[in-house]
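# Observations on the model geometry
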Amino acid sequence: MDRTEFGCSYEQGILIVELLNQYKQIISAQSAWHSYISRRRELKIIENQVERILLEIIQPRIDHVAIAQINSHGNDLLGKFLDEMHKKFGFINMKLIVDQCKKSLFAGDEPTTHLITSTLTLLSSNPYWQDLVRAEINELCHGHPPTAQQLRRIGLESHGLF
């Protein structure tokens, strides 16, 4: 992670990378659902630390735009996220921005296929969650396979934007 992604300090970047590495080690060590449950608290602590650092990076950017009354949050990836959200919705949803930043960090560090495989592995070991996911998709898509637009809407709904 560097200044082109979030415009953060070197120290903040190193700390986030270290936390993400800890997170990945815990996740990759999970071979069964019960192991994941037992380490869930540890994962949540790491997630909270990453979110705190991201908020320390994001909030000053938003404050600067408001104080200076300018239209751009910057020319890096975070600035583009913030500008696009403000343009589309007229406000900044901090939870969504933090989630997008975390996705970008994980996606930039691990191939998307690895993340999908990990998710499917966890789902395959837990029929209860499989049933919940199927029921939610069936309800939202009225029993038909989801379209790209429906998948996008499902993602936005999970962030409270619909």
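Just so we're clear, the structure is a prediction, and the values are computed from it rather than from any experiment.

Right, let's talk about unusual backbone geometry for a bit. One non-glycine residue, Q69, lies in positive phi territory at about 50°. In this fold, Q69 is placed in the loop between helix 4 (40–68) and helix 5 (77–89). Of note in this structure, H142 is not a glycine but carries a positive phi near 55°. Here H142 shows up in the loop between helix 8 (127–141) and helix 9 (148–157).

Bringing the packing of aromatic side chains into the picture now. Evaluated as defined, the whole model comprises 2 aromatic pairs. Relative to F91, the ring of F89 has its centre 6.2 Å away and its plane inclined at 50°; by these criteria the two rings are tilted. Judged by relative accessible area, which is 40%, F91 ranks as partly exposed.

Here the focus is the confidence of the model for the protein. Here the protein shows a mean pLDDT of 76. Residues at 70 or above account for 74%. Element-level pLDDT for the protein is lowest in helix 1 (residues 3–6), with a mean of 54, against a maximum mean of 88 in helix 4.

All right, on to the pattern of salt bridges then. Within this structure, the stated rule accounts for 6 salt bridges. For D76, the salt bridge goes to R61, with nearest N and O atoms at 2.9 Å. Placement of the pair is D76 in the loop between helix 4 and helix 5 and R61 in helix 4, with a sequence separation of 15 residues. Each of the two residues, D76 as well as R61, counts as buried. Linking R134 and D131 is a salt bridge whose minimum nitrogen-to-oxygen distance equals 3.4 Å. Within this pair, R134 and its partner D131 are both found in helix 8, separated by 3 residues, close to a single helical turn.

With that settled, the discussion passes to helix 8. The first and last C-alpha atoms of helix 8 sit 21 Å apart over 15 residues, in line with the 21 Å expected at 1.5 Å per residue. Within two residues after helix 8, H142 carries a phi angle of roughly 55°, on the positive side.

Looking now at a nonpolar patch on the surface. On the surface, Y128, W129 and L132 cluster together into a nonpolar patch covering about 330 Å² of accessible area. For Y128, a relative accessible area of 54% corresponds to the exposed category.

Examined against the element boundaries, L96 turns out to sit in helix 6 (residues 94–109). Spatially, the C-alpha atoms of L96 and M85 are 9.2 Å apart, while their sequence positions differ by 11 residues.

Cut-offs applied
Throughout this document, residue positions are counted from 1 along each chain, in the order its sequence is written. The model is predicted, so local features are restricted to residues of pLDDT at least 70 and side-chain atom pairs to those at 80 or more, both for listing and for counting; the totals for chains, interfaces and linings are taken over all residues. Working from all heavy atoms in the structure, the side-chain values ignore hydrogens and water. Starting at the N terminus, helices and strands are each numbered in turn, a helix being any DSSP run of H or I of at least four residues and a strand any DSSP run of E of at least two. Put simply, two rings from Phe, Tyr or Trp (the six-membered ring, in Trp's case) pair if the centres are within 6.5 Å, and we call them stacked under 30 degrees between planes, edge-to-face over 60, tilted for the rest. Per-residue accessibility, obtained with a 1.4 Å probe over protein chains only, is compared with the maximum for each type, and a residue is labelled buried under 20%, exposed over 50%, and partly exposed between these values. Predictor confidence is given residue by residue as pLDDT, running from a minimum of 0 to a maximum of 100. For this document, the term salt bridge refers to a Lys or Arg side-chain nitrogen within 4 Å of an Asp or Glu carboxyl oxygen. Take the residue count of a helix, subtract one, and multiply by 1.5 Å to get its expected span. Residues enter patches when their relative accessible area tops 30% and they take part in no salt bridge; the joining distance is 9 Å for like charges and 5 Å for the nonpolar side chains Val, Leu, Ile, Met, Phe, Trp and Tyr. The accessible surface values rely on the Shrake-Rupley method and a 1.4 Å probe; as for residues, cover is taken only from the protein chains in view.

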